[in-house]
Amino acid sequence: MTTVVNQSAPGGAARQAAGLPRLLPAAPEDLHAHLARYGPAPYRNQPGALIADVEASGLTGRGGAAFPVHRKLAAVARAGLRQGRTVVVANGAESEPASRKDELLLQLAPNLVLDGLQLTAEAVGAAEAHLYLHYAPGPQILRALAERAARGLDRLAVSITQAPPRFLAGQEAAVVNRLGGGPALPTFQPPRVSERGLGGAPTLVQNVETLAHLALIARYGPRWFRAAGTAAEPGSMLTTIYRPDAKAHVREVAIGTPLRTLLGDGAEVSRAQGAQGAQAWLVGGYHGTWLPMPDAAGITLDNASLRRFGAAAGAGVLAALPSDRCGLTEVARVTSYLAAESAGQCGPCLNGLPRIAAALAELAGSGHRRRTVADLKRWSGLVEGRGACNHPDGTVRFVRSALVVFEPEIRRHAGGRCAATNRRPFLPLPDGLPTSEEDWT
Amino acid sequence: MTERLRVNPIQCVGHGVCAELLPELVTLDEWGYPIVDPGPVPPALDRDARRAVAACPALALKLTRSEEPARSG
């Protein structure tokens with residue numbers, strides 16, 4: 001159902017310059033093909049040596065938070081000097097249901113991710129390496145691990161842990177809890193997992209795409225990495241794109257690419273292909289932000305540009321909502337999913353999210369009560385900043401931006417009308433909501 | 001030295017004792033959970049703040065010197 005769009009296969013070192021894609025080959029690459037293209041992982045043979053290159057590259061985390069990678073590496077390495085033992089985790093629990101990029105990356109280039117995991121392990125002096133996934137590991141991953149073991153390539157054995165398919169299971173503290181044998185639930189921080197994580201050891205949790213970029217930075221250097229992207233936000237990123245006229249696809253793009261290039265201009269699409277145009281863009285997935293059209297039409301995919309609209313690139317989920325759908329119905333569906341995905345640990349989230357979801361369902365119907373929009377705004381304020389994790393804040397960002405962007409539709413619905421002509425759901429959700437609140441392991 | 005009140009939202013179950021003992025800095029939301037003034041605790045309220053911390057049945061209220069945000073990425 002998800003397809004990958006590649007302009008060309010990644011090239012070798014010489015051909016690689018600024019060219020994209022850097023991470024995704026056209027077909028899964030086994031160890032033989034990986035070594036032919038890249039050679040073995042370039043260990044530095046000195047803990048910490050890689051961190052300066054990562055800092056110079058400007059690499060940020062590709063799991064959604066865009067935190068500078070070198071700072072996390074340095075924090076874990078430093079804490080490790082005090083405590084004697086550190087742990088590294090490749091986080092592939094792509095819990096956002098609309099994101100497909102990490103899963104595809106692990107299918108196509110598992111060895112790049114595993115190289116990155118070994119190199120970060122060396123950089124922070126780790127004694128333990130984990131791969132954390134929200135599904136049973138696919139054949140490409142298992143094959144890559146077996147082939148690497150047979151060749152004796154890896155300095156650390158990698159153990160695989162399966163996470164529950166829950167939205168919050170990839171959150172850093174939840175990852176550490178699950179690896180420790182507990183439920184995949186967030187905890188109240190500090191201490192951060194980089195100070196005290198798995199079994200008390202400073203723990204580096206890094207998204208799998210981040211590790212793949214790092215494996216290339218270790219080979220080709222910071223200047224090569226900075227040949228794509230913007231000066232403030234260098235490099236490329238994987239995106240999962242939903243357009244009215246196409247199936248969902250994963251695409252590696254330079255940071256700073258115009259959103260119009262990725263999501264299309266609604267009018268153009270409908271003229272050229274007779275297909276539906278777009279009425280609004282969603283950037284950053286279900287913790288992301290709805291952008292109004294046409295105001296946002298000139299925006300680019302980098303946080304400096306997105307910030308002007310209160311948005312962030314997140315984990316690269318981009319959607320152009322077709323103009324024949326009801327934005328309110330889509331927002332209500334997704335929000336009831338998010339409410340069901342609350343860990344239920346913090347009072348404001350536990351109480352607020354279901355009320356917010358119910359109010360949105362009311363708006364998506366016809367003839368809502370006069371106070372419903374005011375209730376929504378008040379509850380949004382009450383949950384924001386009051387959780388142990390960022391789930392309430394992300395949900396509120398999604399909801400508040402929807403209230404602005406779909407305001408005309410709210411007025412139509414108040415009068416018993418709806419502009420949609422197509423009732424088929426557009427934004428993807430997992431089949432069926434979670435069956436039990438305890439389903440976290 | 002300035003200290004701030006912080007609630008551990010996982011431990012808090014909304015007893016509301018803090019809002020009774022320290023209404024100047026703590027109010028309750030419509031579900032009974034505390035909304036805590038994020039600023040430094042004024043010296044005049046220092047004793048009341050300590051009393052509220054000690055009285056929390058869930059041990060969820062803390063005085064902290066850390067200015068680090070509570071959240072992970």
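This brings us to the overall build of chain B. When helices and strands are counted, chain B shows 2 helices and 4 strands. Order of helices (α) and strands (β) in chain B, N terminus to C terminus: β-α-β-β-α-β. The buried share of chain B, reckoned over its 73 residues, is 25%. Across chain B, every contact between residues at least 6 apart in sequence was considered, and the portion connecting residues at least 24 apart equals 60%.

A word on the confidence of the model for chain A. Residues and elements named next belong to chain A. Counting all residues, the mean pLDDT for chain A is 91, and 91% of those residues have values of 70 or more. Note that residues 11-15 has pLDDT below 50 and, in this model, 5 contacts with residues that lie over four places away or in other chains. The low-confidence segment residues 269-275, where pLDDT is below 50, has 11 contacts with residues more than four positions distant or belonging to other chains.

This part is about the environment of T257 of chain A. Within the secondary structure, T257 of chain A sits in the loop between β7 (249-254) and α11 (259-263). Those residues in contact with T257 of chain A, other than ones at most four positions away along the chain, are L262, T300 and L301 of chain A.

Another aspect to go through is the domain arrangement of chain A. In many analyses, interface size is given as the accessible surface area lost on bringing the parts together. Residues and elements named next belong to chain A. Split into domains, chain A comes out as domain 1 (3-225) and domain 2 (327-414). Here the C-alpha centre of domain 2 lies 34 Å away from the C-alpha centre of domain 1. With 8 residues of domain 1 in contact, the opposing surface of domain 2 contributes 7 residues. In terms of residue class, the side of domain 1 that touches domain 2 is built from 5 nonpolar, 2 polar and 1 charged.

Here we take up unusual backbone geometry. At the junction of Q189 of chain A and P190 of chain A, the peptide bond is cis and its omega measures out at 5 degrees in the coordinates. The residue P190 of chain A is located in the loop between α8 (172-179) and β5 (203-207) in this model. For the peptide bond that leads from P190 of chain A to P191 of chain A, omega is 5 degrees, which places it in the cis range. You will see that L59 of chain B, though not glycine, has its phi angle at about 55 degrees, which is positive. With respect to the helices and strands, the residue L59 of chain B is situated in the loop between α2 (46-55) and β4 (61-64).

Glancing now at the sheet that holds β5 of chain A. Residue and element names in this part refer to chain A. Across the sheet, which stays open at both edges, the 4 strands sit in the order β4-β3-β2-β5 with parallel pairing between neighbours. What marks the edges here is a single partner per strand, and that holds for β4 (158-162) and β5. When the angles between neighbouring strand axes are averaged without regard to direction, this sheet yields 25 degrees. Running at roughly 160 degrees to β5, helix α4 (residues 69-83) makes contact with β2 (86-92) and β5 of the sheet.

Next up on the list: helix α16 (residues 372-383) of chain A. Residue and element names in this part refer to chain A. Here α16 is 12 residues long and its end C-alpha atoms lie 17 Å apart, about the 16 Å a rise of 1.5 Å per residue gives. Among the residues of α16, those classed as buried are L376, W379, S380, L382 and V383. Looking straight down α16, one finds its buried side chains confined to an arc of 160 degrees; they lie on one side. Packed against the buried residues of α16 are α15 (347-364) and α17 (391-405). Two residues or fewer after α16 comes G385, characterised by a positive phi angle close to 75 degrees.

All names here are of chain A. Extensive coverage of β5 is indicated by the burial of 5 of its 5 residues. Residues T203, V205 and N207 of β5 are buried on one face, and the alternating residues L204 and Q206, pointing to the opposite face, are buried as well. The pairing of β2 with β5 spans 5 bridges and is parallel. Directly across from A90, in β5, lies its bridge partner Q206.

Conventions used here
Residues numbered from 1 in each chain as written. Chains lettered and ligands numbered in written order. Predicted model: local features only at pLDDT ≥ 70, side-chain atom pairs only at ≥ 80, totals over all residues. Helix = DSSP H or I, 4+ residues; strand = E, 2+ residues; numbered from the N terminus. Buried ≥ 20, exposed ≤ 12 C-beta atoms within 10 Å, placed from the backbone. Contact = placed C-beta atoms within 7 Å. pLDDT = per-residue confidence, 0-100. Domains from an automatic or database assignment. Nonpolar A, V, L, I, M, F, W, Y, C, P; charged D, E, K, R; others polar. Pairing = 2+ DSSP bridges. Axes fitted to C-alpha atoms, helices over the stretch in contact; angles between N-to-C directions. Expected span 1.5 Å × (residues − 1). Arc of directions from axis to C-beta.

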